[in-house]
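Understanding the architecture of this molecule
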Amino acid sequence: MYDFANSAFPTLIVTVAYSVYFKQIVAGGGGKGDLLWGVALSVAMILSVTITPPLSAVADRRSARKRFLILFAYICVFATALLSNVTTGMIFAGMALFIIATAAFESSLIFYNSFLPDVSTPENIGKISGWGWGLGYLGGLLCLFLVKPLLAGGFSPENLPLFQMSFVAVAVFYGLFTLPVIFWLREAKTNSTKPGKKSAFAELWETLKDTQKTPGALRFLLAFFLYNDGIVTVISFSSIYAVSTLKFSMGEVLSLFIMVQVSAGVGAFTLGYLTDAWGPRKTILLTLANWCVVVIVAYFTETKYVFLGVSLLAGLSLGSSQSASRALMASYIPEKRAAQSFSFYGFCGKMSSVLGPLVFGGVSALTGEQRTAILSVLVFFLVGGALLWLTPETKKSAQYNHGK
């Protein structure tokens, strides 16, 4: 249910609505808008990776993962609601609130993902992770339908207040469907809730050394760092690309992303089963090959219909690549250090999210067009995929292939 709740934020705020609103209305459009959006995303990720590693050590030591999950979720909810007050020229406020909301959202995922090994087994972890992502896309789809009447009129003066109210609607949706976490999620207690003698950073360093003992763990994290860079960049700039380069209207963008949500949900559900049957590593490699095709076709496309087709193709890999990555990471983590281990996983993902948007925004600002910028994403998929190809599977991961 938390996947169902939180998907409203990346779908409407990061991808479909606020991203375009910020560039076109708040920042005044052009390459400058792309660059400022990229900077805001990057700063948010840096903030998240700064605060979550020490907190993850505290969470493991004090059985506080649930408390931190709820805290960051509702910080995101309130900051998202305040985006409705951002108007033309309020660049600093628009960036600051988005940075707070995004950093809180990303931080909540660290503690949420750490529950995956608790609620699954090696036999069904891919399915459980895939169902989470799949339900997430259903949540994003439902929220899209609910706010479509507010967004369909675009940025016309009479519709602008309704467009801004969509950000409040996203916040309400997120906050409401996070309530099951508060009431029903259970967290196993550690042996001792008393603070240890070691600092949080010392414990994190020990977790990193433990992770190094698993062959391929650090290579996987580096591969994830690179290919996730491409995924995050595509997500963050897809609506901006559709509106700015291919001249989609907001109504067309909404219809496009409703179809993409369906495609992404189907991909997450079906490839979740493939992850259990075939193994997460091979599943990720399959999705990365698909991402390469998506980027190349998007670079050459001149028509909306072709872009629609390539977007549906991207949707199939959107949740499945990240779901399989989450399952593969779970096979590397040391026992009793779930939050800390997933904080390293999150660290790689968020630091990659710093680089990609800056590269896209910088290339767009320098060249004055987005086609070269979208092509630059290809290198992240190619290099990340090559590293993953050379990464050995763990014993836990190998169990997926044999149903053990």
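Residues numbered from 1 in each chain as written. Predicted model: local features only at pLDDT ≥ 70, side-chain atom pairs only at ≥ 80, totals over all residues. Heavy atoms only, no water.

Details of the overall build of the protein chain
When helices and strands are tallied, the protein chain shows 18 helices and zero strands. Across the protein chain, the fraction of contacts at a sequence separation of at least 24, relative to all contacts at a separation of at least 6, is 85%. In the structure as shown, the protein chain presents an accessible area of about 15,700 Å², 72% of it carried by carbon and sulfur atoms. (Helix = DSSP H or I, 4+ residues; strand = E, 2+ residues; numbered from the N terminus. Contact = heavy atoms within 4.5 Å. Areas by Shrake-Rupley, 256 points an atom, 1.4 Å probe, with all protein chains shown as cover.)

Some points on the pattern of salt bridges
Side-chain pairs of opposite charge can arise where the charged atoms are in close proximity. Applying the stated criterion to the full structure yields three salt bridges. The partner of D34 in a salt bridge is K23, and the shortest N-O contact between them spans 3.2 Å. A residue pair is termed long-range when its members are at least 10 positions apart, and D34 in helix α4 (residues 30–62) and K23 in helix α3 (residues 18–26) qualify at 11 residues. The two residues D34 and K23 agree in class, both being buried. With a closest N to O distance of 3.4 Å, E302 and R371 form a salt bridge. With E302 in the loop between α13 (280–300) and α14 (304–330) and R371 in helix α16 (residues 371–376), the pair connects residues that are 69 residues apart, well separated along the chain. Since its relative accessible area comes to 62%, E302 is described here as exposed. Its relative accessible area of 16% is what places R371 among the buried residues. (Salt bridge = Lys/Arg side-chain N within 4 Å of Asp/Glu carboxyl O. Buried < 20%, exposed > 50% of the residue type's maximum accessible area, 1.4 Å probe, protein only.)

Brief notes about the nonpolar core
One recurring pattern in soluble globular proteins: nonpolar side chains tend to sit buried together. With 106 residues, the main nonpolar core has Y18, Y174, Y227, W291, F381 and L388 as its most contacted residues. Here the element with the most residues in this core is helix α11 (residues 217–244); it accounts for 13 residues. Contacts of Y18, omitting those with residues within four sequence positions, involve L12, I13, W37, L83, V86, G94, F98 and F167. (Core = buried A, V, L, I, M, F, W, Y, C linked by side-chain atoms within 4.5 Å.)

Digging into the confidence of the model for the protein chain
Low-pLDDT stretches of the model should not have their predicted coordinates read in fine detail. For the protein chain, mean pLDDT is 82; residues scoring 70 or higher make up 84% of the total. At the level of individual helices and strands, the protein chain shows its lowest average pLDDT in helix α18 (residues 395–402), which scores 50, and its highest in helix α8 (residues 160–177), which scores 96. Here residues 400–404 is a poorly scored stretch, pLDDT under 50, and it has 18 contacts once near neighbours within four places are set aside; other chains count. (pLDDT = per-residue confidence, 0-100.)

Concerning helix α5 (residues 65–82)
Compared with an ideal rise of 1.5 Å per residue, which puts 18 residues at 26 Å, α5 spans 26 Å between its outermost C-alpha atoms and is within 8% of the ideal. Listed in full, the buried residues belonging to α5 are R65, K66, F68, L69, I70, F72, A73, Y74, C76, V77, A79 and T80. (Expected span 1.5 Å × (residues − 1).)

Some thoughts on α8
Its 18 residues give α8 an end-to-end C-alpha distance of 27 Å, which sits within 8% of 26 Å, the value for a rise of 1.5 Å per residue. When we look at burial in α8, the residues that qualify are L160, F163, Q164, S166, F167, V170, A171, F173, Y174 and G175.

Digging into the packing of aromatic side chains
Scanning the entire structure with this criterion turns up 28 aromatic pairs. Measuring from centroid to centroid gives 5.4 Å for Y21 and F167, while their planes differ by 70°, and the two rings are edge-to-face. Of the two residues, Y21 sits in helix α3 while F167 sits in helix α8, which places them 146 residues apart along the sequence. Residues F22 and W37 carry aromatic rings whose centres are separated by 5.7 Å and whose planes lie at 40° to one another, so their mutual orientation is tilted. Placement of the pair is F22 in helix α3 and W37 in helix α4, with a sequence separation of 15 residues. Its relative accessible area of 1% is what places F22 among the buried residues. We classify W37 as buried; its relative accessible area is 0%. In this structure an aromatic cluster arises from ring pairing among Y18, Y21, F22, W37, F98, F155, F163 and F167. (Phe/Tyr/Trp six-rings, centres within 6.5 Å; stacked < 30°, edge-to-face > 60°.)

Quick look at the packing of α5 against α8
The geometry of α5 relative to α8 is characterised by a closest axis approach of 7 Å and an angle of 160° between their N-to-C directions. With respect to their mutual orientation, α5 and α8 come out roughly antiparallel. Between α5 and α8 lies a crossing whose hand is left-handed. Contacts from A73, Y74, C76, V77, T80 and A81 of α5 reach α8 at F167, V168, V170, A171, Y174 and G175. (Axes fitted to C-alpha atoms, helices over the stretch in contact; angles between N-to-C directions. Parallel < 35°, antiparallel > 145°, perpendicular 65-115°, else oblique. Left-handed = near helix turned anticlockwise from the far one by under 90°.)

Some thoughts on a nonpolar patch on the surface
Together, L176, L179, I182, F183 and W184 make up an exposed nonpolar region whose accessible area comes to about 520 Å². If you tally residues by element for the nonpolar patch, the top one is helix α9 (residues 179–184), at four residues. Of note, F183 is situated in helix α9. (Patch = residues over 30% accessible without salt bridge, like charges linked within 9 Å, V, L, I, M, F, W, Y side chains within 5 Å.)

Observations concerning the side chain of T178
Along the polypeptide, T178 turns up in the loop between α8 and α9. Among the residues examined, T178 registers a relative accessible area of 1% and is labelled buried. Among the polar contacts listed, one links the side chain of T178 to the backbone oxygen of Y174, at a separation of 2.7 Å. When sequence neighbours within four positions are dropped, the list of residues in contact with T178 reads Y2, A5, A73 and Y74. (Polar contact = N/O pair within 3.5 Å; in protein donor to acceptor, adjacent residues only side chain to side chain.)

Notes on the packing of helix α2 (residues 8–16) against helix α6 (residues 91–113)
The N-to-C vectors of α2 and α6 enclose an angle of 150°; their axes lie 12 Å apart at closest approach. Between α2 and α6, the interaxial angle falls into the category roughly antiparallel. Where α2 crosses over α6, the handedness of that crossing is left-handed. Across the interface between the two elements, F9, P10, I13 and V14 from α2 touch F98, A101, T102 and F105 from α6.

Quick look at the environment of L382
Residue placement: L382 occurs in helix α17 (residues 378–389). Spatially, the C-alpha atoms of L382 and W291 are 9.4 Å apart, while their sequence positions differ by 91 residues.

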